[in-house]
Amino acid sequence: MTIKLGVPSKGRLMEKTFDWFGARGVSLSRSGSDREYAGAVEGVEGVELVLLSAGEIPRELSAGRIHLGVTGTDLIREKLGQWEQQVEELALLGFGQADLIIAVPNCWVDVDTLDDLDAAASAFRAKHGFRLRIATKYHRLVREFLRDNGVADYQLVDSQGATEGTVKNLTAEAVADITSTGETLRANHLKLLADGMALASQATLFRARKAPMTAQDRLALKALVTKLGIAA
Amino acid sequence: MPHKAEIRARASQLRAAFETAGAHPVETSVLLPAEVLLDLYGEDIRARAYVTSDSLRGEQMLRPDFTVPVVQMHMDHGAEPARYTYSGEVFRRQEDDSDRANEYTQVGYEVFDRENPAAADAEVFALFQKTLTPLNLRAATGDIGVLKAAVLGLETTDARKRALLRHIWRPRRFRALMDRFSGVTPVPPSRAALLAQDTPMAHEFPVIGMRTTEEISARIDALKDDAAAAPLAEGQVALIDALLGVREAMPFALEHLRDIAVDMPAITEAVFRLKDRMDALAALGVDVEALDFEANYGRTQMEYYDGFVFGFYAADRPDLPPVATGGRYDALTRVLGQGRSIPAVGGVIRPGLMLEVEGAL
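As the structure is a computational prediction, the values presented were derived from the model and not from experiment.

1. Side note on the overall build of chain B
Stage number 1. Helix and strand content of chain B: 15 helices and twelve strands.
Stage number 2. In terms of C-alpha radius of gyration, chain B reaches 23 Å, essentially the compact-globule figure of 21 Å for 361 residues.
Stage number 3. In terms of overall dimensions, chain B has a C-alpha envelope of 70 × 60 × 40 Å along the principal axes.
Stage number 4. Burial statistics for chain B: of 361 residues in total, 38% are counted as buried.
Stage number 5. Long-range contacts, defined here as pairs at least 24 residues apart, represent 70% of the contacts in chain B between residues at least 6 apart.

Below is the structure:
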């Protein structure tokens, strides 16, 4: 048996994860060609690298098929019910910052807070005969956030990409999406609500609570976290 | 966990008892069009109900309760007055508590009757209490109608009353609005800045989306009106607080509410209705002296109830949800009846929980 470490399989998230581990004396690398999703781990014994789509890492952690995984807090909270009971946050990695925010058109000069959004939604529904539409792919997080803040008379419409364009295309009145800099929002004539941040997310190393481990695995995990300089 | 066969047997007994009480047995579909439920409950229903779909009928929901299909059936072709009973499984998503069942049996009893609402309320409650007597449960009752009347009676603008009424079932939001209207919470800086502008609609932003300039302009006017309105007086807030704090045996609660009605005459009618209901309950043999009334009851769980509400709880099993719940839902029949409405009251019992409380399983 080995400790399986799930890491995003491509892009900046993978590179930054490799850098983070590398800076702590654990070298991660992709083996073979760029297209092969296999990897190597050096600097610590009994750890295997598994390259996965970042979006699948929560599910694999939950099922216990990997012991450790690097993914965004946003994906863990969106995809896992009672997430604290399924995974443990071992370390915030300090990159991959992304905020889940609620945004509305700049031209809505009367709307700056969730309280305004709720009032606008009420009037919108009365006038148009349907609930104000918010485009997002983070249904659970957005719904919980809006419920906790008492926003009513809205509906979520699914948008798996180009979410900021939905308002101009008249398929939604507002959006809830991940943003790191706000560029895309500005380019699409949208603004953040002052109190509209549903979640501040960043790349995080998680441990699966339910993954089976042998005594040897436990030692390997302990050695790894000691080397990484984190408490577990 | 209770065995399905035993639950089904108990459900049959309950339904038979409700038939004996005069109810007509009905069946409903398990798959319901999602649109109706979404329109009624809003996005929150997605967190509570399982959604599925096909490419022909679109989104369907696994029945989260019987009330909506039974009301629809009655509004479509029911004779009046009517009493219905049903039993079957309902399905609830449970994403925050894995110990709660996501599939369980409900047996219901619903009364659609225009004649005497107090008597109908009492009929349902007394029937449930009699049915559940061997379990020795604690009953809780409330009345959303009293709070609604109080909000309508506040000395403030209609817009503020509408905003409060809209959030009666969201106690935190309701409180935040009370604080805003009474001036306890300061006006957010962005709103103050907006209101200070002479021509807030003069801006360079491109106009995008379906919400029109007229709608935005209308909201600004509404905000101006609100800013010009006097804050809700301290005494008014205190009356609402006093009302929400009423929690005692029904006859004392009634006295307490009568005292409040002296300063808030708007609730007088609602308090008379409570008195009528108490008399009707007593006439059916319910010991009203020992029956709890909480003015705040039913505000978080049962959003379509708008009058009498009740629940039966196992006092020594705080881990369990209520064994039975019910209430009056006149407004729901108005929404689903497309212009028509009928006073309606009813409730459901969970036979699985009955068996669990009895320790039979």
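From this point, things continue past the structure.
2. Here's the deal with the UniProt feature "domain: ATP phosphoribosyltransferase catalytic" (unreviewed entry) in chain A
Stage number 1. The feature "domain: ATP phosphoribosyltransferase catalytic" (unreviewed entry), as annotated in UniProt, sits at residues 54–227 of chain A in this numbering.
Stage number 2. The span residues 54–227 of chain A is 35% helix and 30% strand, and its two end C-alpha atoms sit 24 Å from each other.

3. Observations concerning the domain arrangement of chain B
Stage number 1. Domain boundaries in chain B define domain 1 (1–120 + 343–361) and domain 2 (159–232).
Stage number 2. For domain 1 of chain B versus domain 2 of chain B, the distance between C-alpha centres works out to 39 Å.

4. Observations concerning the domain arrangement of chain A
All names here are of chain A.
Stage number 1. Domain parsing of chain A yields domain 1 (3–97 + 203–228) and domain 2 (98–201).
Stage number 2. The C-alpha-based centres of domain 1 and domain 2 are spaced at 32 Å.
Stage number 3. Opposite the seven residues of domain 1 that make contact, domain 2 presents nine residues.
Stage number 4. With four residues, the top contributor of residues to the side of domain 1 that touches domain 2 is helix α3 (residues 73–79).
Stage number 5. Residues of the side of domain 1 that touches domain 2, tallied by class, amount to no nonpolar, four polar and three charged.

5. Section: the UniProt feature "binding site: L-histidine" (unreviewed entry) in chain B
All names here are of chain B.
Stage number 1. The positions that UniProt labels "binding site: L-histidine" (unreviewed entry) are, in the present scheme, D65, F66, T67, R92, Q106, E110, R299, Y304 and Y305.
Stage number 2. With respect to the helices, strands and loops of the structure, R299 is situated in the loop between β9 (292–294) and β10 (308–313).
Stage number 3. Tracing the backbone through its elements, the reader meets Y305 in the loop between β9 and β10.
Stage number 4. Not counting residues within four places of it along the chain, the set of residues in contact with Y305 comprises I144, G298, G327, R328 and Y329.

6. Observations concerning the confidence of the model for chain A
Stage number 1. Mean pLDDT for chain A: 92, with 97% of residues reaching 70 or above.
Stage number 2. Ranking the helices and strands of chain A by mean pLDDT puts strand β8 (residues 132–136) of chain A first, with 97, and strand β3 (residues 39–42) of chain A last, with 88.

7. Let's talk about the interface of chain B and chain A
Stage number 1. Taken residue by residue, the interface counts 33 residues in chain B and 32 residues in chain A.
Stage number 2. Elements that contribute at least two residues to the side of chain B that touches chain A include exactly α3 (44–48), α8 (171–181), α9 (189–196) and α10 (213–228) of chain B.
Stage number 3. Ranked by residues supplied to the side of chain B that touches chain A, first place goes to α10 of chain B with five residues.
Stage number 4. Counted by class, the side of chain B that touches chain A contains 15 nonpolar, six polar and twelve charged residues.

8. Re the sheet that holds strand β6 (residues 87–92) of chain A
Sheets are built from strands paired through backbone hydrogen bonds, the pairs being either parallel or antiparallel.
All names here are of chain A.
Stage number 1. In space, the five strands of this open sheet follow the order β4-β1-β5-β12-β6, with mixed pairing throughout. A strand with exactly one partner marks an edge of an open sheet, and here the two such strands are β4 (47–52) and β6. Within this sheet the neighbouring strands show an average axis-to-axis angle of 30°, counted without direction.
Stage number 2. With respect to the sheet, helix α1 (residues 11–22) is in contact with β1 (3–8), β5 (68–72) and β12 (203–208), its orientation differing from that of β1 by roughly 135°.
Stage number 3. Helix α8 (residues 215–228) contacts β1, β4 and β6 of the sheet and is inclined by roughly 45° relative to β1.

9. Regarding the packing of helix α12 (residues 250–263) of chain B against helix α13 (residues 268–283) of chain B
Residue and element names in this part refer to chain B.
Stage number 1. Two numbers describe how α12 lies on α13: the axes approach to 10 Å, and their chain directions differ by 165°. If you check the angle between α12 and α13, you find them roughly antiparallel. Judged by the sense of rotation from one axis to the other, the crossing of α12 with α13 is left-handed. Contacts between α12 and α13 involve M250, L254, L257, R258 and A261 on the former and, on the latter, T268, V271, L274, K275 and M278.
Stage number 2. Looking at the contact of α12 with α13, its residues break down into seven nonpolar, one polar and two charged.

10. Remarks on the nonpolar core
Stage number 1. Within the largest apolar cluster, 80 residues are counted, with the highest numbers of intra-cluster contacts made by V146, A150, L243, L257, I267 and V323 of chain B.
Stage number 2. Dropping the residues within four chain positions of it, L257 of chain B is found in contact with V146, V246, I267, V271 and L274 of chain B.
Stage number 3. Counting 37 residues, the second largest nonpolar core, distinct from the first, contains L114, A121, L132 and A174 of chain A.

Basis of the calculations
- Residues numbered from 1 in each chain as written.
- Chains lettered and ligands numbered in written order.
- Predicted model: local features only at pLDDT ≥ 70, side-chain atom pairs only at ≥ 80, totals over all residues.
- Helix = DSSP H or I, 4+ residues; strand = E, 2+ residues; numbered from the N terminus.
- Rg over C-alpha atoms; globule rule 2.2 N^0.38 Å.
- Buried ≥ 20, exposed ≤ 12 C-beta atoms within 10 Å, placed from the backbone.
- Contact = placed C-beta atoms within 7 Å.
- UniProt positions renumbered as here; feature names shortened; annotations may be inferred.
- Domains from an automatic or database assignment.
- Nonpolar A, V, L, I, M, F, W, Y, C, P; charged D, E, K, R; others polar.
- pLDDT = per-residue confidence, 0-100.
- Pairing = 2+ DSSP bridges.
- Axes fitted to C-alpha atoms, helices over the stretch in contact; angles between N-to-C directions.
- Parallel < 35°, antiparallel > 145°, perpendicular 65-115°, else oblique.
- Left-handed = near helix turned anticlockwise from the far one by under 90°.
- Core = buried A, V, L, I, M, F, W, Y, C linked by C-beta atoms within 7 Å.

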